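# Survey of secondary and tertiary structure
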Amino acid sequence: MIETNDLKNGTAFEYDNNIWQVVWFQHHKPGKGGAVMRLKLKNLRTGALIDRTFKSGEKFREVSLMRKKAQYLYTGSGKAHFMCSETYEQIEMPLEHMAGAEKFLMENMEVNALYLDGSILDVE
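Here goes a summary of the coordinates provided. (Residues numbered from 1 in each chain as written. Predicted model: local features only at pLDDT ≥ 70, side-chain atom pairs only at ≥ 80, totals over all residues. Heavy atoms only, no water.)

Before going further, it helps to examine the packing of aromatic side chains. Enumeration over the complete set of coordinates arrives at five aromatic pairs. Summarising the aromatic geometry, the rings of Tyr15 and Phe54 are spaced 5.0 Å apart at their centres and angled 85° between planes, so their arrangement reads as edge-to-face. Residue Tyr15 is found in strand S2 (residues 12-15), and its partner Phe54 is found in strand S5 (residues 49-55); the two are separated by 39 residues along the sequence. (Phe/Tyr/Trp six-rings, centres within 6.5 Å; stacked < 30°, edge-to-face > 60°. Helix = DSSP H or I, 4+ residues; strand = E, 2+ residues; numbered from the N terminus.)

Structural data, given as structure tokens:
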């Protein structure tokens, strides 16, 4: 289990039956009441970004993402196509999951593919 105080940029955890990755965080201690964490989270399954505030001490299940090197090949049919550098397996990822990041990819560019339970969730 991971607590709100342990959440940093890049940390992945399960919340509300989804896998989220911290994009931005801020620890906030108002003059009155307990401390809170303000977070900008990315849903790794859909690519959606949300803002959430959690009370200090809340616990979540930490998720271990596996990173593998991949090479960007091309974009077509609404999907971005990558090739795993280790196994030469071709990987497809829907463009809606990339949240506009496909605009910054160039052919043969090397990226880190994030995997959870054998399926690709995101690319860095």
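Mapping Gln71 onto the fold places it in strand S7 (residues 66-76). Since its relative accessible area comes to 22%, Gln71 is described here as partly exposed. Separated by 39 residues in the primary sequence, Gln71 and Glu110 place their C-alpha atoms 4.5 Å from one another. Those residues within four positions of Gln71 in sequence are excluded, and the remaining contacts are His81, Phe82, Met83, Ser85, Asn108, Met109 and Glu110. Here the side chain of Gln71 touches Asn108 through a polar contact of 3.2 Å, side chain to side chain. (Buried < 20%, exposed > 50% of the residue type's maximum accessible area, 1.4 Å probe, protein only. Contact = heavy atoms within 4.5 Å. Polar contact = N/O pair within 3.5 Å; in protein donor to acceptor, adjacent residues only side chain to side chain.)

What follows concerns a nonpolar patch on the surface. A contiguous nonpolar surface patch, about 290 Å² in accessible area, is contributed by Val23, Trp24 and Leu49. If you trace the backbone, Val23 turns up in strand S3 (residues 18-28). (Patch = residues over 30% accessible without salt bridge, like charges linked within 9 Å, V, L, I, M, F, W, Y side chains within 5 Å. Areas by Shrake-Rupley, 256 points an atom, 1.4 Å probe, with all protein chains shown as cover. Salt bridge = Lys/Arg side-chain N within 4 Å of Asp/Glu carboxyl O.)

This model, assessed by the stated rule, comprises three salt bridges. For the salt bridge of Asp51 with Lys40, the shortest nitrogen-to-oxygen distance reads 3.8 Å. Of the two residues, Asp51 is situated in strand S5 and Lys40 in strand S4 (residues 36-43); the sequence distance between them amounts to 11 residues. With relative accessibility at 52%, the residue Asp51 sits in the exposed group.

Honestly, that's just the spatial picture; any functional story needs more than this.
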